[in-house]
Amino acid sequence: MKQTGSIPEAYGDVVRRSDACPFARRLGMRVTAIEDDRVRVSMPTAGMENGHGTTHGGAIFALADHAFGIAGNLGGEDQIGLSAYVQYLSVPAGETLEAVARKVSETERTSLYAVEVYSGDRMVASFEGVGFKTGVPAQKE
């Protein structure tokens, strides 16, 4: 599901904060696009293998969770995750995974996001995250 995209300047602070996250940097995650109400985050799979030689489910979850976090914080108010659910659908193959996050619904205090994780054109996981709006304005760089 490779697509080239852009990152609107309005989301620059959120992306810079994401890019500075030590955990995301350790896993090689990077925001590749924010467009059409979707956040795209990629991650290389090298060094992420489990005992079966395939990409570890924890790495897939981490990528989806990171995309969820970025998408949830685009609105100018900090959000934290309340819960998350993942379904692993197929074994990833290839050198890169891409997570695509989008908002499904929201209330004054909570939000629901769907994240699909792709290995090439094949969806390998589906993730659902519930966010809690803290009432604190997002940090500006």
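See the structure above.
These numbers come from a predicted model, not from an experiment.

Another point: unusual backbone geometry. A positive phi angle, near 50 degrees, is found at Asp 36, a position not held by glycine. Of note, Asp 36 is situated in the loop between β1 (30–35) and β2 (38–44). In this structure Asp 36 comes out as exposed when scored by relative accessible area, which is 64%. Look at Asp 37: it is not a glycine, yet its phi comes out positive at around 60 degrees. Overall, the relative accessible area of 73% leaves Asp 37 in the exposed class.

Let us now look at helix α3 (residues 57–72). Residues that lie three or four places apart on an α-helix share one face, since the helix turns once every 3.6 residues. Compared with an ideal rise of 1.5 Å per residue, which puts 16 residues at 22 Å, α3 spans 22 Å between its outermost C-alpha atoms and is within 8% of the ideal. Listing the buried residues of α3 in full gives Ala 59, Ile 60, Ala 62, Leu 63, Ala 64, His 66, Ala 67, Phe 68, Ile 70, Ala 71 and Gly 72.

With antiparallel pairing, six strands are arranged side by side in an open sheet as β1-β2-β4-β5-β6-β3. Across the chains shown, the open sheet's two edge strands, defined by having one partner strand only, are β1 and β3 (77–88). Neighbour-to-neighbour, the strand axes of the sheet open up by a mean angle of 25 degrees, direction not taken into account. By the bridge criterion, five bridges tie β1 to β2 in an arrangement that is antiparallel.

Scoring rules and cut-offs
- Position numbers for residues start from 1 in each chain and track the written sequence from start to end.
- The predicted origin of the model limits local features to residues at a pLDDT of at least 70 and limits the giving and counting of side-chain atom pairs to 80 or more, whereas totals for whole chains, interfaces and linings rest on all residues.
- Side-chain calculation: all heavy atoms of the structure are included, whereas hydrogens and water are not.
- A run of DSSP states H or I qualifies as a helix once it reaches four residues; a run of E qualifies as a strand once it reaches two. Both are numbered from the N-terminal end.
- Residue burial is assigned from relative accessible area. The probe radius is 1.4 Å, only protein chains are included, and a residue is buried under 20% of its type maximum, exposed over 50%, and partly exposed in between.
- Helix span, as expected, comes to 1.5 Å for every residue beyond the first.
- A pair of strands is treated as paired once DSSP finds two or more bridges between them.
- Simply put, an axis is a line fit to the C-alpha atoms, just over the touching stretch for a helix, and the angle between two N-to-C directions goes from 0 to 180 degrees.

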